[in-house]
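So you can see what is in the structure, the chains are spelled out below.
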Amino acid sequence: MIPNGAMYGHTAHGIPFYHQNLRPGRRQDANDAGSALRSPLLDEFRANKARKWELRDIYGYIVEFSGDQHGSRFIQQKLETATSEEKQGVFDEIVPDNALQLIQDVFGNYVIQKLFEHGTQVQKTVLANAMEGHILPLSLQMYGCRVVQKAVEFVLPDQQASFVRELDPHVLKCVKDANGNHVIQKLIERVSHERLGFVNSFRGNVYDLSTHPYGCRVLQRCFEHLPEETTRPLMDELHKYMINLMQDQFGNYVVQFVLEQGKPQDRNQVITKLRGQMLNMARHKFASNVCEKALVTAGIEERRILIDEIIMPKTDGVSPIVSMMKDQFANYVLQRALTVAEPDQKEILIAKIRPQLVSMRRYSSAYSKHLISSMLMKYNRDK
């Protein structure tokens, strides 16, 4: 407990804390209650800006300074150019007894990150050892997750593997957590794929992950960084739900990723699913983004087919172009088609759009006014 009776930090996960006059994870100014907890040295440091302070001046108070906004910034700056002896002095006051506390601290976490960046490999290993057994709760904590990510970048492969083993049984919980998902993404980016056995737990959950605000990011990192033999089952599962994912507020980003960075055969499958659906999808808030991306990433012949679908009247004689011009989402797809169409198709599009612009002036909505202006500019530029 801290002196005011409030429990320090996030204790839901049972991580031990160091409680020596270290204030809660929030900003405290000179005239608030927290100022009474400061040592005279920290008060002098905050007040005396004229003095040229060095790390040796605050030895014995490193933990307190690390937990102070101004003290933390001072230590961070000094660590970047510190001698080996100075780094060791800072390190010895923090590790192991005070490491977990500072890792979870709003200001202290930055000092720990600097130790990972600028410490010796031995210091990095010892610091990471202090974290072992606590990787899951640290990954779920606002500041701890930043330190775990930094550690992943700087520790040796065996220690990376140790982190993975701790998170493995809880990986789906981490993926869906506002903090934990960043740790999983970092592991996918930095750790050898042979050590990432937890990716197998994504199988059978691809739709659920794709439609989750954090899961969709993790899935994209998998496709970006992992080899084909690991991601192929995930991609094949993704294709089963492609039409639904196009219309999802998060799933559409995964589909756009496939169009932009996926293998040609996967991009072609997405575009094939769009054929015959362009007008419907273009009018959808989220799927319209996929339509635009498809027009940009498709090959010449695939793009011609998609644009022909926009140009040709439907069986009931209704022109898709008229519907798209009046729609708040589809009008952007139509504008995109104008920018990427081959010259012959562009002429046809302009010829069909131009007569409609006059009648469109009757519409008073912001998007239609924007459309008219944009269409006129494109027409004047291209004629």
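Residues numbered from 1 in each chain as written. Predicted model: local features only at pLDDT ≥ 70, side-chain atom pairs only at ≥ 80, totals over all residues. Heavy atoms only, no water.

Under the criterion given, the structure shown has five aromatic pairs. Measuring from centroid to centroid gives 5.1 Å for Phe45 and Phe65, while their planes differ by 65°, and the two rings are edge-to-face. Pair noted here: Phe45 is in helix α1 (residues 40–47) and Phe65 is in helix α2 (residues 62–66), with a separation of 20 residues, a long-range link. Exposure remark for Phe65: the relative accessible area of 0% places this residue in the buried category. When the centroid spacing of 5.2 Å and the interplanar angle of 55° are considered together, the rings of Tyr207 and Tyr241 count as tilted. Of this pair, Tyr207 sits in helix α13 (residues 206–210) while Tyr241 sits in the loop between α15 (228–239) and α16 (242–246), and the two are 34 residues apart along the sequence. Residue class for Tyr207 comes out partly exposed when judged on its relative accessible area of 32%. (Phe/Tyr/Trp six-rings, centres within 6.5 Å; stacked < 30°, edge-to-face > 60°. Helix = DSSP H or I, 4+ residues; strand = E, 2+ residues; numbered from the N terminus. Buried < 20%, exposed > 50% of the residue type's maximum accessible area, 1.4 Å probe, protein only.)

Further remarks concern the layout of surface pockets. The calculated volume of the largest pocket comes to roughly 170 Å³. Considering the residues around the largest pocket, the lining is formed by Phe223, Leu226, Glu228, Thr231, Arg232, Met235, Phe257, Val258, Gln261, Gly262, Lys263 and Asp266. Where the lining of the largest pocket is concerned, the elements lending two or more residues are α15 and α17 (251–261). For the lining of the largest pocket, the leading source of residues is α15, giving four residues. A per-class count over the lining of the largest pocket returns five nonpolar, three polar and four charged. (1 Å grid on protein atoms, 1.4 Å probe; cavity = no way out; pocket = protein on both sides within 12 Å on 5 of 7 lines; lining within 4 Å. Points joined across faces, edges and corners; volume = space filled by probe spheres on them. Nonpolar A, V, L, I, M, F, W, Y, C, P; charged D, E, K, R; others polar.)

Spatial relationships are all this shows, so hold off on functional conclusions.
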